[in-house]
Amino acid sequence: MEPERRCGQCGKAIPWGQVECPFCAERGTFFWSFRRETFLLATLATLLLLFVATGFVARLYHAQEQSLAASWHRRGEAELRAGRANAAIEDFRNALVYARDNTQYRLQLAEALAAAGRVEEARNHLLNLREAEPGNGTVNLELARLAKRQGLVPEALRYFHHAIYGEWDDDPIAHRRQARLELSEFLLRSGMKAEAQAELIALANDLPPDPALHAQVGALLLRAGEYDHAAVLFKQALRLQPNLAEALEGAGETYFEMADYHNAQHYLERAVREDPNAPRASSLLETTEGVLGIDPFQRRLSSQERARRTVRAMKQAVARLESCAASRGIPLAGTSAPTPLQQLWARAQEVQPQVRERVLAREPDRIAPTMDLVFEIERAAEQECGTPQGLDQALLLLARGQGGTRP
Amino acid sequence: MTEPAAGPSPGARSSPLQGLFTSLREKLRLERGALALREQQLFLFLAVIIGIFSGLAVVLFRISIDEFRLWVLGSGLNPPTARVVLVPALAGLGIALLVMRVFPRVRGSGVNQTKAALYIYDGYIPFNTVIGKFLTCVLAIGSGQSLGPEDPSLQMGAGIASALGWRLRLSREHVRLIAPVGAAAGLAAAFNSPISAVLFVIEEVIGRWSAGVLGAIVLAAVSSVVVERWFLGAEPLFRIPAYHLVHPAELGAYAALGVVGGVASLIFVKLIGYARPRLKALPRWTQYLQPAAAGLLIGVMGLWLPQVMGAGYDYMDQAMHDQFPWRMLALLGAAKILATSLSFVSGTPGGMFAPALFVGAMMGGAVGGLEHHYFPWLTGSGGAYALVGIGTLFAGFLRVPFTSVFMVLEVSGNYSIILPVIISNTIAYVISRRYQPVPLFDMLSRQDGINLPSMEEQREEATLRIEDAMRPPAGPVLDGEELAGVAVAKAEASAQTFFLVRRKNGDWQGITEEDLRQRATDPHARLESILPDSRLPFLHPDQPLEVALRRIGPWPLLPVVHRADFGKLQGVISLADILNTYRKAKEEK
């Protein structure tokens, strides 16, 4: 540090690093010669010019920032679409450097983080967005999706509800509907049927005239066990678009579940006609036809036909009983403490002489007790050997309906 | 034929506009003296102009830093490897050339240079320092050196203010104070927070609350922030995390943050204090290479931890929003201390405000994350800890406890955070002061061979008061109402030669024994009636001792009286008492 020196002319201290007194030197300059007022005016003019110039520079700077942000965002979107979540994360982060408060970019960053399995980071981003906008529907919905993914049921439900009652920038009704649909699916997957039914019924009451949406909600109601509401929605969908395969199949399945096999057959046949490759509709149709083909209680059947169906059902049930017992290694005859299968087999052997077409046609009152035994056998076999296929399944469905179409 | 008149003749009709113009010109010419601004008005007006200029300078400075960064490192957060390693080193070479050859005064702290202008150079800061600081800091911060733009902004503001003040030929008193006015404007624009900037300048540069300068500082700070927000938007430096105290016991967690912040501040200051003089003592030619070497090392660090490069505001923002795990935050805090120390001690121009904030945010986030990990029911988000942490480092590292509290309040806009901030900041400040008696800025100025007044020492200097020096009167106190003969008898019975006289109206007078004897020709006259007309100044026990020094004048003794009853004597004080008290205080020190 050099020692302090003072100017011989003005007496002021000369700053370190200076050879001559800067104050006296400056006095000789052009600007120093200005009067105070003139200099002040010149200063104001300079200020104005600098203000304008800075405004111009700042405008270019902001335009560049926006362009960089958009460019990184585009890259991020492309990477995310291509499944390269890690690259997308970096791109979205870069975009956010130039547009820090852009909610859309941050949402997509969270999406990319979640896709890359960095759920906790994604959650933090979303929680930050939620801090700023607690009522933001999109943010709450994304948080609900993350919580759903993490299996955090109460948290997911809370965010779903915030999303449903939250604020949406565009088309809030559609977004709320979508959130409620996702919530309903989540509830069904979590085994909370009663809660799902409440959500779906609320949703069903306010649907736009969109057949696909009606069919979608109907399918969820079907899964929730709300067959009456489901049937109504499928019918509404079919009124809007009569050949909508999903609605036909859904309606068929709904009636099938309601054990209304005639209506089920009606819709399932139409569904298969619309989409011959629909495996579910074809399989259900086959089962429905099986049920309708073996049910002796259907209306407008001749006594002969009822008797024939009863005999066929009995034969099928006994065969099922025997094969089930054989598969489990249970001997059907001669034990002191008979099992249910053995008891049923003994009862079947007992009634066997009366289960003949001629006898049953002559004495139709025997049909109902015979069929009750058939149903008992099928239920017991299901309990012992699992769900059957084909004709046995049809009989079991009839059993569930307590006699199917019995008048 | 009549000659055409040169101007409008009295009888001729002139247009109303012409008349108005002529009268205005006349008025301006005649009353130019009256139009001239008076000094105090000019000072305040100039504060606004300085604020606008500083705001514009800071806007251009920040844009230039960003543009240079884009140019040399690209627009991504993770630049290509070769650039990360080479750019800071190459820029370091350029910076060294500029600093050594063209702008020698841009080295060092802008705060200290502003203080030097105030206390040594009559407010003078050469304008080329502003240009030099602008260019070299753009190169340094834009290339990734671990420094911040606040301290340079402060110095640019001070330089602009100094230039305007000198050229407008302000009075000596005002021109001295103009640099701090500009400093506040520069800092306010850089931080986008005018209150913190005003407080910082008062707390660290001026050191006193002076009504004369406070108005100008506030005007300048507000003007600069308005300009900065006009062009760069009103967004704060960080998106502020939500804060709520989970449980009163959480304050203990903030106390722990204070301890960590205090220790981190100590390490930071000690590292700079140890390395800086040693590097400066190396041969001169090495100073051309030191910024480049620092840049190279920081570039290598940046390969693994790119967050430590530059000012790091984006990463502070991320830390405040729980984007890093606590281990990463702790690592970043430690790495930033090392990187900033490297940059600063190498002589690279740039500020340490942003790095201090960075270290604070990271350490705060780390402490918050760690505590949340082990006591999830006890603590809130790590983001709130990061926010408190920036104040903690500010208090511990820069040693500005008052500013540190208000800065967090101003930045967060959340008054409820004040309790954790005060607890954490106080602990950090106490730890730092206990183990590092000399604050950072004072240490830097002393290393540079300048003994600038230490604001902390001034703040903490025990003020001597009159009660420390006063004593009970040795002789009798005379009453103005008593008879002159009685007074003379009392005086003769005393060993004293000077006596205090209490007048009926509460005033005090003093008289020597000899004078009393001469005037008491009539022993039955009242004492008041024979006394000279002069009154004795009096003092109160709580007044600073220097007041007594100013008032005592030729009097051998002054009365120290009660504030509510001026006639009630509480003690007396003499020049010898004053000097003895000062001497004793110095010996005790």
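From a predicted model like this one, the values you see are computed outputs, not experimental measurements.

S.K.: So, the overall build of chain B: which residues are in play, and what are the values?
M.R.: Regarding its fold elements, chain B presents 26 helices and 5 strands. Expressed along its principal axes, the backbone C-alpha trace of chain B runs to roughly 105 × 105 × 55 Å. Counting over 589 residues, chain B shows a buried share of 53%. Taking all contacts inside chain B whose residues are at least 6 apart in sequence as the whole, residues at least 24 apart take part in 77%.

S.K.: Outline the overall build of chain A, listing residues and values.
M.R.: Helix and strand counts for chain A come out as 19 helices and 2 strands. When each of the 407 residues of chain A is scored for burial, the buried share is 39%. A separation of at least 24 residues holds for 48% of the contacts in chain A among residues at least 6 apart in sequence.

S.K.: Tell me about the nonpolar core, and name the residues and values.
M.R.: In terms of nonpolar packing, the biggest core is built from 158 residues, with Ile50, Val181, Ala184, Leu187, Val201, Ala220 and Ala221 of chain B touching the most fellow members. Looking at this core, the element that brings in the most residues is helix α3 (residues 39–73) of chain B, giving 17 residues. Split by domain, the residues of this core number at least three in each of domain 1 (39–232) and domain 2 (250–458) of chain B. Aside from chain neighbours lying at most four places away, what touches valine 181 of chain B is Ala47, Ile50, Ala161, Val213, Ala216, Ile217 and Ala220 of chain B. Among the nonpolar cores identified, the runner-up in size contains 98 residues, and Leu187, Leu200, Ala237 and Ala307 of chain A belong to it.

S.K.: An account of helix α18 (residues 367–385) of chain A is requested, with residue identities and associated values reported.
M.R.: Residue and element names in this part refer to chain A. Taking 1.5 Å per residue as the helical rise, α18 with its 19 residues ought to reach 27 Å, and the 26 Å between its terminal C-alpha atoms agrees with that figure. For α18, every residue scored as buried is listed here: Ile367, Thr370, Met371, Val374, Phe375, Ile377, Glu378, Ala380 and Ala381. Those residues of α18 hidden inside the fold are in contact with α15 (303–328), α16 (340–351), α17 (357–362) and α19 (390–400). Backbone geometry just downstream of α18 places glycine 386 in the positive-phi region, at approximately 95 degrees.

S.K.: Can you tell me about the interface of chain B and chain A, naming the residues and giving the values?
M.R.: How big an interface is tends to be reported as the loss of accessible area on association of its parts. On the side of chain A, 33 residues touch chain B, which itself brings 37 residues to the contact. Counting residues per element, the ones that place at least two in the side of chain B that touches chain A are α3, α7 (150–167) and α10 (211–232) of chain B. With 7 residues, the single largest contributor to the side of chain B that touches chain A is α3 of chain B. In terms of residue class, the side of chain B that touches chain A is built from 22 nonpolar, 6 polar and 9 charged.

S.K.: Give me the lowdown on the packing of α7 of chain B against helix α8 (residues 172–191) of chain B, citing residues and values where you can.
M.R.: Residues and elements named next belong to chain B. Axis separation between α7 and α8 bottoms out at 6 Å; the angle between their running directions is 145 degrees. When the axes of α7 and α8 are compared, the crossing they make is right-handed. Across the contact of α7 with α8, the residue classes tally to 16 nonpolar, 9 polar and 1 charged.

S.K.: Give a description of the domain arrangement of chain A that names residues and reports values.
M.R.: Residues and elements named next belong to chain A. Domain annotation for chain A reports domain 1 (207–294) and domain 2 (303–400). Taking the mean C-alpha position of each, domain 1 and domain 2 sit 31 Å from one another. Across the boundary between the two partners, domain 1 contributes 5 residues, which contact 11 residues of domain 2. When the residues that make up the side of domain 1 that touches domain 2 are grouped by side-chain class, the tally is 3 nonpolar, 2 polar and no charged.

S.K.: Account for the domain arrangement of chain B, naming residues and giving values.
M.R.: Under the domain assignment used here, chain B contains domain 1 (39–232), domain 2 (250–458) and domain 3 (466–588). On a C-alpha basis, the centres of domain 2 of chain B and domain 3 of chain B stand 56 Å from each other.

S.K.: Before we move on, could you go through the packing of α15 of chain A against α19 of chain A and cite the residues and values that matter?
M.R.: All names here are of chain A. As a packed pair, α15 and α19 sit with axes 10 Å apart at the nearest point and diverge in direction by 110 degrees. With respect to each other, α15 and α19 are oriented roughly perpendicular. Along the contact surface, α15 presents Ala313, Gln316, Ala317 and Arg320, while α19 presents Leu391, Asp392 and Leu395. Its residues assigned to classes, the contact of α15 with α19 comprises 4 nonpolar, 1 polar and 2 charged.

S.K.: Tell me about the environment of glutamine 104 of chain A, and please be specific about residues and values.
M.R.: With respect to the helices, strands and loops of the structure, glutamine 104 of chain A is situated in helix α4 (residues 103–115). Through-space distance from the C-alpha of glutamine 104 of chain A to that of aspartate 365 of chain A is 73 Å; in sequence the pair is 261 residues apart.

S.K.: Before we move on, could you go through α3 of chain B and cite the residues and values that matter?
M.R.: Between the first and last C-alpha of α3 of chain B there are 49 Å, a value that for 35 residues agrees with the 51 Å anticipated at 1.5 Å per step. The first or second residue beyond α3 of chain B is glycine 74 of chain B, which carries a positive phi of 90 degrees.

S.K.: I'd love a proper account of the sheet that holds strand β3 (residues 508–512) of chain B, names of residues and values included.
M.R.: Residue and element names in this part refer to chain B. Strand order in the open sheet formed by 3 strands is β1-β2-β3, and the pairing between neighbours is mixed. Two strands bound the open sheet, and with one partner strand each, they are β1 (478–479) and β3. Pairing analysis gives 2 bridges linking β1 to strand β2 (residues 498–502), with the strands arranged parallel. Pairing of aspartate 479 across the sheet is with arginine 502, part of β2.

S.K.: Report on the pairing of β2 of chain B, specifying residues and quantitative values.
M.R.: Residue and element names in this part refer to chain B. With 4 of its 5 residues buried, β2 lies for the most part within the structure. Bridge analysis of β2 against β3 gives 5 bridges, and the strand direction is antiparallel. By the bridge assignment, leucine 500 is partnered in β3 with glycine 510. Counted between consecutive antiparallel strands, the loop separating β2 from β3 contains 5 residues, among which glycine 506 sits at a positive phi close to 95 degrees.

S.K.: Please give an account of the confidence of the model for chain B that cites residues and values.
M.R.: Residues of chain B with pLDDT of at least 70 account for 93%, and the chain-wide mean is 87. Confidence metrics for the complex model read pTM 0.74 and ipTM 0.79.

S.K.: Tell me about the environment of glycine 347 of chain B, and name the residues and values.
M.R.: Residue and element names in this part refer to chain B. Inspection of the secondary structure assignment puts glycine 347 in the loop between α14 (326–345) and α15 (353–374). Residue glycine 347 is classed as buried on the basis of its C-beta count, with 22 C-beta atoms lying within 10 Å. Expressed as a C-alpha distance, the spacing of glycine 347 and alanine 294, which sit 53 residues apart in the sequence, is 9.5 Å. Aside from chain neighbours lying at most four places away, what touches glycine 347 is Val99, Arg107, Gln287, Gln290 and Pro291.

S.K.: I'd love a proper account of unusual backbone geometry, names of residues and values included.
M.R.: Among all residues save glycine, negative phi is the norm, and among peptide bonds the norm is trans. Backbone geometry places arginine 300 of chain A, a non-glycine residue, at a positive phi of 60 degrees. Here arginine 300 of chain A is to be found in the loop between α14 (279–294) and α15. Backbone geometry at aspartate 122 of chain B places phi at a positive 50 degrees, although glycine is not the residue there. One can find aspartate 122 of chain B in the loop between α5 (110–119) and α6 (127–143).

Cut-offs and rules
Residues numbered from 1 in each chain as written. Chains lettered and ligands numbered in written order. Predicted model: local features only at pLDDT ≥ 70, side-chain atom pairs only at ≥ 80, totals over all residues. Helix = DSSP H or I, 4+ residues; strand = E, 2+ residues; numbered from the N terminus. Buried ≥ 20, exposed ≤ 12 C-beta atoms within 10 Å, placed from the backbone. Contact = placed C-beta atoms within 7 Å. Core = buried A, V, L, I, M, F, W, Y, C linked by C-beta atoms within 7 Å. Domains from an automatic or database assignment. Expected span 1.5 Å × (residues − 1). Nonpolar A, V, L, I, M, F, W, Y, C, P; charged D, E, K, R; others polar. Axes fitted to C-alpha atoms, helices over the stretch in contact; angles between N-to-C directions. Left-handed = near helix turned anticlockwise from the far one by under 90°. Parallel < 35°, antiparallel > 145°, perpendicular 65-115°, else oblique. Pairing = 2+ DSSP bridges. pLDDT = per-residue confidence, 0-100.

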